[in-house]
Amino acid sequence: MELTPDTIVLFEVGPVALNATIVFTWVVMLLLVLAACLVRRGITSDVEISPGQNLLEIIVDGMRGQIRELAQDTPDQYLTFVGTLFLFIALSNIMTIVPGFQAPTASPSTTLALALCVFASVPIYGISRRGLRGYLLQYVRPTPLMLPFHIIGEISRTIALAIRLFGNIMAGALIVAVLLKIVPIFLPTVMQALGLLTGLVQAYIFAVLAMVYIASATRASEATRQSETEASEAES
């Protein structure tokens, strides 16, 4: 029984080896791109729309509503990044119903890569809203002694984000595999359905946490700017 798709080598040519994580990650990305292209070709502003466009609008509107509620800001600037995270993780987990498919999210390398994307996005969004100096000042407020604690917090939440997703997906797959050995009829099917639900929930939680981290940086930037403005007005 393989605990992670990293150990499953599907193709190997000389020193180059492609494991299940890499192959199925590209499969998921290809499916997302193809689905987007197919739906985009049929997009119309008419009253009657295709089922694909209807589904797309429901998903996008739902994402925009969640982002707006979390960020307390216009969602369009965050939608591409956070929405892509959710769709990639959700499709990776849903595809486990296909025989032979190994969810890339069951690999610690994939979940760490996704968490590092979130880690990088936080300062990018923060700096874009406040500027480099304004963003960096957050790490030394209210006192420079807080700098190491802020840095440790950034690193620890990134690691926790990766481990949380990896642990939940791997545990679900492991439970189903064990039940298939013990009780090969009925119960594993129920557990697999529950695993799909858990996979969607984990995709939602990961996207929400990513948006919370980004929103905390941008809101902190706004708060810092307001305090500086008030201070300058008081001095004048």
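Above: the structure in question.
Described below are features of the structure shown in this document. (Residues numbered from 1 in each chain as written. Predicted model: local features only at pLDDT ≥ 70, side-chain atom pairs only at ≥ 80, totals over all residues. Heavy atoms only, no water.)

As defined by bridge partners, strand β1 (residues 9-13) adjoins strand β2 (residues 16-19) across four bridges and the pair is classed as antiparallel. Paired with F11 across the strands is L18, a residue of β2. With antiparallel pairing between neighbouring strands as the criterion, β1 and β2 make up a hairpin whose turn holds two residues, including G14 at a positive phi of roughly 65°. (Pairing = 2+ DSSP bridges. Helix = DSSP H or I, 4+ residues; strand = E, 2+ residues; numbered from the N terminus.)

Glancing now at the packing of aromatic side chains. Scanning the entire structure with this criterion turns up three aromatic pairs. Centre to centre, the rings of Y78 and Y125 are 5.1 Å apart; their planes meet at 50°, and the pair counts as tilted. Of this pair, Y78 sits in helix α3 (residues 76-94) while Y125 sits in helix α4 (residues 108-130), placing them 47 residues apart in sequence. Each member of the pair Y78 and Y125 is classed as buried. Ring centres of Y135 and Y139 lie 5.5 Å apart, and the angle between their planes is 75°; this geometry places the pair in the edge-to-face category. Among the residues examined, Y135 registers a relative accessible area of 4% and is labelled buried. Above the plane of the ring of Y213 lies R157, whose end atom (NZ or CZ) is 4.3 Å from the centre. (Phe/Tyr/Trp six-rings, centres within 6.5 Å; stacked < 30°, edge-to-face > 60°. Buried < 20%, exposed > 50% of the residue type's maximum accessible area, 1.4 Å probe, protein only. Lys NZ or Arg CZ within 6 Å of the ring centre and 35° of its normal.)

Attention now moves to the packing of helix α1 (residues 20-41) against α3. Viewed as axis vectors pointing N to C, α1 and α3 meet at an angle of 115°, and their least axial separation amounts to 10 Å. Remark: the crossing between α1 and α3 carries right-handed chirality. Residues T25, V28, M29, L31 and L32 of α1 form the contact with α3, whose participating residues are L87, F88, L91 and S92. A breakdown of the residues in the contact of α1 with α3 according to their chemical character gives seven nonpolar, two polar and no charged. (Axes fitted to C-alpha atoms, helices over the stretch in contact; angles between N-to-C directions. Left-handed = near helix turned anticlockwise from the far one by under 90°. Contact = heavy atoms within 4.5 Å. Nonpolar A, V, L, I, M, F, W, Y, C, P; charged D, E, K, R; others polar.)

Okay, a nonpolar patch on the surface next. Where nonpolar side chains cluster on the molecular surface, the patch consists of L112, L116, F119, L147, I151, I155, I159 and I163 and spans about 670 Å² of accessible area. Broken down by secondary-structure element, the contributors of at least two residues to the nonpolar patch are α4 and α6 (147-182). Among the elements that make up the nonpolar patch, the one with the highest residue count is α6 (five residues). Looking at where F119 falls in the secondary structure, it is placed in helix α4. (Patch = residues over 30% accessible without salt bridge, like charges linked within 9 Å, V, L, I, M, F, W, Y side chains within 5 Å. Areas by Shrake-Rupley, 256 points an atom, 1.4 Å probe, with all protein chains shown as cover. Salt bridge = Lys/Arg side-chain N within 4 Å of Asp/Glu carboxyl O.)

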